[in-house]
Amino acid sequence: MRFLLCLSFLCGISLPAAAEPVVFPALSGNAAAPTVVVYSSLDEPLARPMIVGFQAANPDVAVRYEDMLTGEIYDRIVKETDAGEKTADFAFSSAMDLQVKLSNDGYAQRSDLPMSARWPDWANWRNTAYALTFEPAVFVYHKPSFTKEKPPSTRAEFVDYLKRQGSAVYGKIGTYDIERSGVGFLFMARDQEQFGDIWSVIQTMGAAGVKLYSTSSAILERVSDGRFVLGYNILGSYAADWASRHPDVGIVLPRDYTVVMSRIGLVPQAAASPDLGRRYLEFFMSKEGQTIMARELQIPAVSPDVAGVNTANTMREMLGAQLRPVPVSPGLMVYLDQVKRARLIARWNEVLRLQ
């Protein structure tokens, strides 16, 4: 699909180590200009167009951008707040569960903004945590392996294909290791909620010798060179980047349902300059900011005011109820409960081992 070719770069897969903070001086030239402090899991080079756009609209504000791991964002905000210190003015992270936990536990403050009332209900938790991107989970496939038939487009077709092909595709299927991949765990948790027969899918993948990885790139690399014929539940933004550079990689949005995850933005309760944090969030939610997100950062936009390729509007027009966005709500915290998380992982491992 055309819009998928415009998606790129998964920044939810954390970097090995946090980068050094980068300071963008105010365009006004005022060395004493106020500075908005941003904690973000989005790689700074990818975030630069958004920062440039924000400063063009706010030339009197400098930006201190701290690129770090999703868990570190959560830990820093909690630690600094609990110590009575000031923390970031704006936090942007792909760890949906941790961002909602910050909001639910009182570490984020309410931000009533011009777009708040018009923001999709599923993407707004009490005006404190906002989903700012729209990124589907997809099937990926090796195109040369499907010259005689179409690739699976539903989970039932996925299972049927694996059973029919048998030993011909054994060991040639890849998906995330939900014990090591946060996005993989999120997608599996949603699968369990959305699809009553999901464990048959997992069992069939186990029988087909599925290989597990913590990163998308490990799976996509093997699909692109033909070592794998299929990848299950791969984040579409990253898959599309690979497909744009590797013509043998194909993408399918599952027709039975397509889970959609988001990166969440919020203003911490202990922000040093919450007014600046809200200005940054407001720009993220504005038509201009969301257009930059879609066109320059190449990450799908949520705003109802932004149309064209690489937006939630276009995807919904094309796919409708097939899309199942993960709601920004306390329900995301269910699997932060270590007992429940352990149970899901244990069942996952048990079902895979049955074969």
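Above this note sits the structure.
Residues numbered from 1 in each chain as written. Predicted model: local features only at pLDDT ≥ 70, side-chain atom pairs only at ≥ 80, totals over all residues. Heavy atoms only, no water.

(A) Focus on the nonpolar core. Membership of the largest hydrophobic core comes to 75 residues, with the highest contact counts inside it found for Tyr65, Leu132 and Tyr280. With 6 residues, helix α9 (residues 274-285) is the single largest residue contributor to this core. Core analysis: the second largest hydrophobic core is formed by 30 residues, Tyr141, Ile202, Met205 and Leu352 among them. (Core = buried A, V, L, I, M, F, W, Y, C linked by side-chain atoms within 4.5 Å. Buried < 20%, exposed > 50% of the residue type's maximum accessible area, 1.4 Å probe, protein only. Helix = DSSP H or I, 4+ residues; strand = E, 2+ residues; numbered from the N terminus.)

(B) Helix α12 (residues 338-353), seen in detail. Taking 1.5 Å per residue as the helical rise, α12 with its 16 residues ought to reach 22 Å, and the 22 Å between its terminal C-alpha atoms agrees with that figure. Close packing links the buried residues of α12 with β9 (173-176), α5 (182-194), α6 (198-207) and β10 (211-213). You can read the cap of α12 off the contacts: a side-chain oxygen lies 2.9 Å from the backbone nitrogen of Val339, and it is on Asp337. (Expected span 1.5 Å × (residues − 1). Contact = heavy atoms within 4.5 Å. Polar contact = N/O pair within 3.5 Å; in protein donor to acceptor, adjacent residues only side chain to side chain.)

(C) Looking closely at the pairing of strand β12 (residues 249-252). Of the two faces of β12, the one carrying Val249 and Ile251 and the one carrying Gly250 and Val252 are both buried. Alignment of strand β8 (residues 135-142) against β12, held across 4 bridges, turns out to be antiparallel. Paired with Phe139 across the strands is Val252, a residue of β12. (Pairing = 2+ DSSP bridges.)

(D) Highlighting the pattern of salt bridges. A complete count under the given rule lists 19 salt bridges for this structure. For Asp305, the salt bridge is made with Arg118, and the minimal N-O distance between the two is 2.8 Å. With Asp305 in the loop between α10 (287-295) and α11 (312-319) and Arg118 in the loop between β5 (108-109) and β6 (124-125), this pair connects stretches of sequence that are 187 residues apart. Taking relative accessible area as the criterion, Asp305 reaches 29% and is therefore assigned partly exposed. Residue Glu135 is joined to Arg263 by a salt bridge in which the shortest nitrogen-to-oxygen separation is 2.7 Å. Of this pair, Glu135 sits in strand β8 while Arg263 sits in the loop between β13 (258-261) and β14 (264-268), and the two are 128 residues apart along the sequence. Via salt bridges that share partners, Arg64, Glu66, Arg76 and Glu80 belong to a single interconnected network. (Salt bridge = Lys/Arg side-chain N within 4 Å of Asp/Glu carboxyl O.)

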